[in-house]
Amino acid sequence: MQIRDPNGPNGRMIPVTAPREENRFTYPARPSIILPPNWEIKHGKEWAKFHSLLIWPRCRLRRRPSYLSIWIDSSPHENEDLSEFKQVNIQGFPAYERLIVTSKGSFDDPAQSIYDLYIDRDGEWWHVSFMVSDEIIKLPPIMREYINTIRFPPKANEESES
(Lines give C-alpha, C1' and ligand atoms only; values in the text may rest on other atoms or scores of the structure.)
Protein backbone atom coordinates (compact mmCIF):
# COMPACT_ATOMS: atom_id res chain seq x y z
CA MET A 1 0.00 0.00 0.00
CA GLN A 2 1.35 3.40 -0.98
CA ILE A 3 1.15 6.00 1.79
CA ARG A 4 -0.06 9.38 0.54
CA ASP A 5 0.48 12.62 2.41
CA PRO A 6 -3.06 13.54 3.54
CA ASN A 7 -2.04 17.18 3.44
CA GLY A 8 -0.36 17.00 0.05
CA PRO A 9 -0.87 19.07 -3.09
CA ASN A 10 -4.66 18.73 -3.07
CA GLY A 11 -5.17 20.77 0.06
CA ARG A 12 -5.41 20.06 3.75
CA MET A 13 -7.47 16.88 4.05
CA ILE A 14 -6.80 16.74 7.78
CA PRO A 15 -6.10 19.91 9.80
CA VAL A 16 -2.70 20.21 11.44
CA THR A 17 -3.39 22.99 13.96
CA ALA A 18 -5.56 22.90 17.07
CA PRO A 19 -9.00 24.57 17.09
CA ARG A 20 -9.08 28.28 17.89
CA GLU A 21 -12.30 29.83 19.17
CA GLU A 22 -11.97 32.90 16.94
CA ASN A 23 -12.52 30.55 13.95
CA ARG A 24 -15.98 29.43 15.17
CA PHE A 25 -18.73 29.49 12.56
CA THR A 26 -22.17 30.28 13.93
CA TYR A 27 -25.47 30.74 12.16
CA PRO A 28 -28.98 30.80 13.65
CA ALA A 29 -30.68 27.40 14.12
CA ARG A 30 -27.59 25.46 13.07
CA PRO A 31 -24.83 23.69 14.91
CA SER A 32 -21.69 25.76 15.30
CA ILE A 33 -18.14 24.49 14.92
CA ILE A 34 -14.63 25.85 14.92
CA LEU A 35 -13.41 25.76 11.33
CA PRO A 36 -9.94 24.41 10.67
CA PRO A 37 -7.62 26.87 8.89
CA ASN A 38 -8.12 26.81 5.11
CA TRP A 39 -11.47 25.02 5.42
CA GLU A 40 -14.71 26.59 4.23
CA ILE A 41 -18.36 26.09 4.92
CA LYS A 42 -21.14 25.36 2.48
CA HIS A 43 -24.46 26.79 3.52
CA GLY A 44 -27.38 28.59 2.03
CA LYS A 45 -29.48 31.04 3.98
CA GLU A 46 -32.58 29.31 2.62
CA TRP A 47 -31.49 26.17 4.50
CA ALA A 48 -31.35 27.91 7.89
CA LYS A 49 -34.03 25.71 9.46
CA PHE A 50 -32.52 22.50 8.06
CA HIS A 51 -30.08 22.26 10.99
CA SER A 52 -27.18 21.09 8.82
CA LEU A 53 -23.58 22.05 8.27
CA LEU A 54 -21.00 20.92 5.70
CA ILE A 55 -17.36 21.96 5.82
CA TRP A 56 -14.36 21.00 3.68
CA PRO A 57 -10.82 22.07 2.87
CA ARG A 58 -10.41 24.75 0.24
CA CYS A 59 -8.99 23.17 -2.88
CA ARG A 60 -9.15 23.39 -6.63
CA LEU A 61 -10.30 19.81 -7.10
CA ARG A 62 -13.79 19.01 -8.28
CA ARG A 63 -14.07 16.15 -5.79
CA ARG A 64 -13.29 17.18 -2.22
CA PRO A 65 -10.46 15.21 -0.57
CA SER A 66 -12.29 15.34 2.77
CA TYR A 67 -15.35 16.85 4.43
CA LEU A 68 -17.16 16.97 7.73
CA SER A 69 -20.94 17.10 7.85
CA ILE A 70 -23.33 17.57 10.75
CA TRP A 71 -27.06 17.15 10.42
CA ILE A 72 -30.17 16.32 12.36
CA ASP A 73 -31.34 12.82 11.51
CA SER A 74 -33.97 10.30 12.26
CA SER A 75 -33.01 7.55 14.67
CA PRO A 76 -30.08 5.63 13.20
CA HIS A 77 -31.91 2.40 14.00
CA GLU A 78 -33.73 2.90 10.68
CA ASN A 79 -30.48 3.23 8.72
CA GLU A 80 -27.67 1.64 10.72
CA ASP A 81 -27.11 -1.33 12.99
CA LEU A 82 -25.69 0.36 16.08
CA SER A 83 -24.32 -2.96 17.35
CA GLU A 84 -21.51 -2.41 14.81
CA PHE A 85 -20.62 0.91 16.49
CA LYS A 86 -18.62 1.66 19.63
CA GLN A 87 -20.70 3.33 22.35
CA VAL A 88 -19.18 6.60 23.62
CA ASN A 89 -20.27 9.70 25.50
CA ILE A 90 -20.21 13.06 23.67
CA GLN A 91 -20.97 16.26 25.59
CA GLY A 92 -22.86 14.25 28.20
CA PHE A 93 -25.05 12.40 25.68
CA PRO A 94 -24.89 8.77 24.56
CA ALA A 95 -23.30 8.38 21.16
CA TYR A 96 -22.18 5.68 18.75
CA GLU A 97 -19.12 5.88 16.52
CA ARG A 98 -17.50 3.83 13.80
CA LEU A 99 -14.76 4.27 11.22
CA ILE A 100 -14.73 2.12 8.09
CA VAL A 101 -12.73 2.02 4.88
CA THR A 102 -15.44 2.22 2.24
CA SER A 103 -13.11 1.72 -0.73
CA LYS A 104 -9.49 0.73 -1.24
CA GLY A 105 -7.33 2.94 -3.39
CA SER A 106 -6.79 2.15 -7.04
CA PHE A 107 -4.79 3.64 -9.89
CA ASP A 108 -7.60 6.11 -10.72
CA ASP A 109 -9.20 6.72 -7.34
CA PRO A 110 -7.85 7.22 -3.84
CA ALA A 111 -9.05 5.11 -0.96
CA GLN A 112 -11.96 6.44 1.08
CA SER A 113 -12.65 6.17 4.81
CA ILE A 114 -15.72 7.40 6.66
CA TYR A 115 -16.13 8.12 10.36
CA ASP A 116 -19.76 8.19 11.54
CA LEU A 117 -20.93 9.47 14.91
CA TYR A 118 -24.59 9.32 15.99
CA ILE A 119 -25.50 11.39 19.05
CA ASP A 120 -28.79 10.94 20.93
CA ARG A 121 -29.68 14.31 22.48
CA ASP A 122 -32.70 13.18 24.51
CA GLY A 123 -34.45 11.66 21.49
CA GLU A 124 -33.15 14.17 18.93
CA TRP A 125 -30.53 12.35 16.86
CA TRP A 126 -27.56 14.08 15.23
CA HIS A 127 -25.23 12.51 12.69
CA VAL A 128 -21.65 13.73 12.35
CA SER A 129 -19.71 12.27 9.44
CA PHE A 130 -16.08 12.77 8.43
CA MET A 131 -14.92 11.45 5.05
CA VAL A 132 -11.30 11.41 3.97
CA SER A 133 -9.78 10.27 0.68
CA ASP A 134 -7.30 7.97 2.34
CA GLU A 135 -7.24 4.58 4.03
CA ILE A 136 -7.27 5.22 7.78
CA ILE A 137 -8.14 2.87 10.63
CA LYS A 138 -8.41 5.45 13.43
CA LEU A 139 -9.94 8.92 13.58
CA PRO A 140 -7.05 11.41 13.61
CA PRO A 141 -6.86 12.98 17.10
CA ILE A 142 -6.98 16.49 15.58
CA MET A 143 -10.34 15.65 13.93
CA ARG A 144 -11.69 14.55 17.32
CA GLU A 145 -10.61 17.96 18.67
CA TYR A 146 -12.62 19.72 15.96
CA ILE A 147 -15.64 17.44 16.39
CA ASN A 148 -15.56 18.19 20.13
CA THR A 149 -16.02 21.91 19.32
CA ILE A 150 -19.50 21.30 17.86
CA ARG A 151 -22.28 23.18 19.67
CA PHE A 152 -25.76 22.04 18.81
CA PRO A 153 -28.70 24.44 18.40
CA PRO A 154 -31.69 24.23 20.76
CA LYS A 155 -33.94 21.26 20.08
CA ALA A 156 -36.71 22.01 17.57
CA ASN A 157 -39.45 21.72 20.24
CA GLU A 158 -37.50 24.04 22.59
CA GLU A 159 -37.26 26.63 19.77
CA SER A 160 -41.03 26.73 19.31
CA GLU A 161 -41.61 27.16 23.06
CA SER A 162 -39.41 30.25 23.30
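Each value, and the rule that gives it
Residues numbered from 1 in each chain as written. Predicted model: local features only at pLDDT ≥ 70, side-chain atom pairs only at ≥ 80, totals over all residues. Heavy atoms only, no water. Helix = DSSP H or I, 4+ residues; strand = E, 2+ residues; numbered from the N terminus. Buried < 20%, exposed > 50% of the residue type's maximum accessible area, 1.4 Å probe, protein only. Contact = heavy atoms within 4.5 Å. Phe/Tyr/Trp six-rings, centres within 6.5 Å; stacked < 30°, edge-to-face > 60°. Lys NZ or Arg CZ within 6 Å of the ring centre and 35° of its normal. Core = buried A, V, L, I, M, F, W, Y, C linked by side-chain atoms within 4.5 Å. Pairing = 2+ DSSP bridges. pLDDT = per-residue confidence, 0-100. Salt bridge = Lys/Arg side-chain N within 4 Å of Asp/Glu carboxyl O.

So, on to the environment of I55. When you line up the elements, I55 lands in strand β4 (residues 52-57). On the basis of relative accessibility, which here comes to 3%, the residue I55 falls in the buried class. For the pair I55 and S66, spaced 11 residues apart in the sequence, the C-alpha separation amounts to 8.9 Å. Ignoring sequence-local partners within four residues, the contact set of I55 consists of I33, L35, P36, W39, E40, I41, Y67 and L68.

Take the packing of aromatic side chains next. Counted by the stated rule, this structure contains 4 aromatic pairs. Between F25 and Y27 the ring centres are 6.4 Å apart and the planes differ by 5°, which places this aromatic pair in the stacked class. Seen from the ring of F93, R121 lies directly overhead, with NZ or CZ sitting 5.7 Å from the centre.

On to the nonpolar core, then. If you look at soluble globular proteins, the nonpolar side chains tend to sit buried side by side. L68, I70, L117 and F130 are the most contacted members of the largest nonpolar core, which has 29 residues in total. Broken down by secondary-structure element, the contributors of at least two residues to this core are β2 (33-34), β4, β5 (66-73), β6 (86-90), β8 (112-121), β9 (124-132) and α1 (141-147). Listed in part, the 5 residues of the second largest apolar core include L82, Y96, Y118 and W125.

The buried fraction of β4 is high, at 5 of 6 residues. Across 4 bridges, the pairing between strand β3 (residues 39-42) and β4 is antiparallel. Residue K42 lies in a different strand from β4, and its bridge partner there is L54. Across 4 bridges, the pairing between β4 and β5 is antiparallel. Of the residues in β5, the one forming a bridge with S52 is W71.

Glancing now at the confidence of the model for the protein chain. For the protein chain, per-residue confidence averages 80 on the pLDDT scale, and 77% of positions sit at 70 or higher. Taken as a whole, residues 1-11 scores under 50 in pLDDT and shows 18 contacts with residues more than four places along the chain or in a different chain.

Our next topic: the pattern of salt bridges. Applying the stated rule across the entire model yields 10 salt bridges. Notably, a salt bridge pairs E40 with R58, separated by 3.9 Å at the nearest N-O pair. Of this pair, E40 sits in strand β3 while R58 sits in the loop between β4 and β5, placing them 18 residues apart in sequence. Between D116 and R98 there is a salt bridge whose closest N-O contact spans 4.0 Å. Note that D116 is positioned in strand β8 and R98 in strand β7 (residues 93-103), a separation of 18 residues in sequence. Per residue, the accessibility class of D116 equals that of R98, and both read buried.

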